[in-house]
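Observations on the three-dimensional arrangement
One-letter residues, chain by chain:
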Amino acid sequence: ILAFDQQLFDSLDHLYQHAQYSSHKAKLPYWSRANGWGIWATTEVLLNLPSDHPRRAEIMALYREHVDALVKLQDRQSGFWHNVLDRPDSYRELSGTAIFTMCIARGINQGWLDRNKYLPAARLGWKAITSSVEADGTVHNICVGTMSSEDVNYYLNRPMVDDDSHGLIGLIFAGIEMDKLLAAK
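What counts, and where the lines are drawn
Residues numbered from 1 in each chain as written. Predicted model: local features only at pLDDT ≥ 70, side-chain atom pairs only at ≥ 80, totals over all residues. Heavy atoms only, no water. Axes fitted to C-alpha atoms, helices over the stretch in contact; angles between N-to-C directions. Helix = DSSP H or I, 4+ residues; strand = E, 2+ residues; numbered from the N terminus. Parallel < 35°, antiparallel > 145°, perpendicular 65-115°, else oblique. Left-handed = near helix turned anticlockwise from the far one by under 90°. Contact = heavy atoms within 4.5 Å. Nonpolar A, V, L, I, M, F, W, Y, C, P; charged D, E, K, R; others polar. Phe/Tyr/Trp six-rings, centres within 6.5 Å; stacked < 30°, edge-to-face > 60°. Buried < 20%, exposed > 50% of the residue type's maximum accessible area, 1.4 Å probe, protein only. Patch = residues over 30% accessible without salt bridge, like charges linked within 9 Å, V, L, I, M, F, W, Y side chains within 5 Å. Areas by Shrake-Rupley, 256 points an atom, 1.4 Å probe, with all protein chains shown as cover. Salt bridge = Lys/Arg side-chain N within 4 Å of Asp/Glu carboxyl O. Lys, Arg positive; Asp, Glu negative; His and termini not counted. Charge placed at Lys NZ, Arg CZ, Asp CG, Glu CD. Expected span 1.5 Å × (residues − 1). Polar contact = N/O pair within 3.5 Å; in protein donor to acceptor, adjacent residues only side chain to side chain.

Helix α5 (residues 115-131) packs onto helix α3 (residues 56-73) with a crossing angle of 50 degrees between their chain directions and a minimal axis gap of 11 Å. In this view, α3 runs oblique relative to α5, as classed from their interaxial angle. Crossing handedness for the pair α3 and α5: left-handed. Contacts between α3 and α5 involve Val 67, Asp 68 and Val 71 on the former and, on the latter, Lys 117, Tyr 118 and Ala 121. Along the lines of polarity and charge, the residues of the contact of α3 with α5 split into 4 nonpolar, no polar and 2 charged.

With that settled, the discussion passes to the packing of aromatic side chains. According to the stated counting rule, one finds 8 aromatic pairs in the structure shown. Plain terms: the ring middles of Phe 9 and Tyr 16 are 5.0 Å apart, the flat faces sit at 65 degrees to each other, and that makes the pair edge-to-face. Each member of the pair Phe 9 and Tyr 16 is classed as buried. Grouping aromatic residues by their ring pairs yields a cluster made of Phe 4, Phe 9 and Tyr 16.

Another aspect to go through is a negative patch on the surface. Taken together, the side chains of Glu 134, Asp 136, Asp 162 and Asp 163 make up a negatively charged region of the molecular surface. Residue position: Asp 136 is located in the loop between α5 and β5 (142-143).

Before going further, it helps to examine α5. Here α5 contains 17 residues, and its C-alpha end-to-end distance of 23 Å stays within 8% of the 24 Å for a straight helix at 1.5 Å per residue. The complete set of buried residues in α5 reads Tyr 118, Leu 119, Ala 121, Ala 122, Leu 124, Gly 125, Ala 128 and Ile 129. Near the N-terminus of α5, the side chain that reaches the backbone nitrogen of Asn 116, with its oxygen 3.2 Å away, is that of Asp 114.

On to unusual backbone geometry. Positive phi, close to 70 degrees, is recorded for Asn 141, a residue that is not glycine. Within the secondary structure, Asn 141 is located in the loop between α5 and β5. Residue classification places Asn 141 among the partly exposed positions, given a relative accessible area of 25%. Backbone geometry at Asp 163 places phi at a positive 60 degrees, although glycine is not the residue there.

So far we have only geometry, and geometry alone does not tell us how the molecule works.
Next up, the structure:
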């Protein structure tokens with residue numbers, strides 16, 4: 001997590017770039033799902049890292065910084081996060097929204113985040129997720145698998161599809177964490 005952070009985490013915006021090239025330094029867009037995979041991995045480490053591990057506090061601080069940056073970028077009307085996080089002109093996307101909702105709910109459930117402060121973002125994210133699911137189970141608004149590019153237009157023009165596993169897996173885990181969160185009232 002910490003090595004990943006050194007390569008991809010922008011310490012000014014507290015977000016992950018989509019990727020980093022080994023051949024040259026470039027600033028890539030803050031793609032939603034890339035940030036999702038990064039924060040999800042961080043929560044998995046925190047779940048399994050011993051409480052007395054010497055670097056746990058450092059990883060926890062990184063997680064909280066990332067959550068705070070993400071919450072600020074959540075669309076307050078719809079509850080979604082945009083496909084390019086800092087570009088409100090990019091479309092509202094399900095997979096990143098599901099993963100962020102899951103990671104915020106997980107943080108509240110684990111006591112890593114203050115319930116009163118972060119519950120509104122989790123609930124709003126869950127509302128967005130459920131708005132993308134049809135009665136027959138079809139799930140909309142999932143960005144297709146994506147390579148990396150320095151050109152933000154590449155991300156702005158990625159197609160959305162239904163029922164793609166990139167969105168479904170996050171949705172399932174968001175449901176698990178939200179169920180725990182809402183049951184704990």
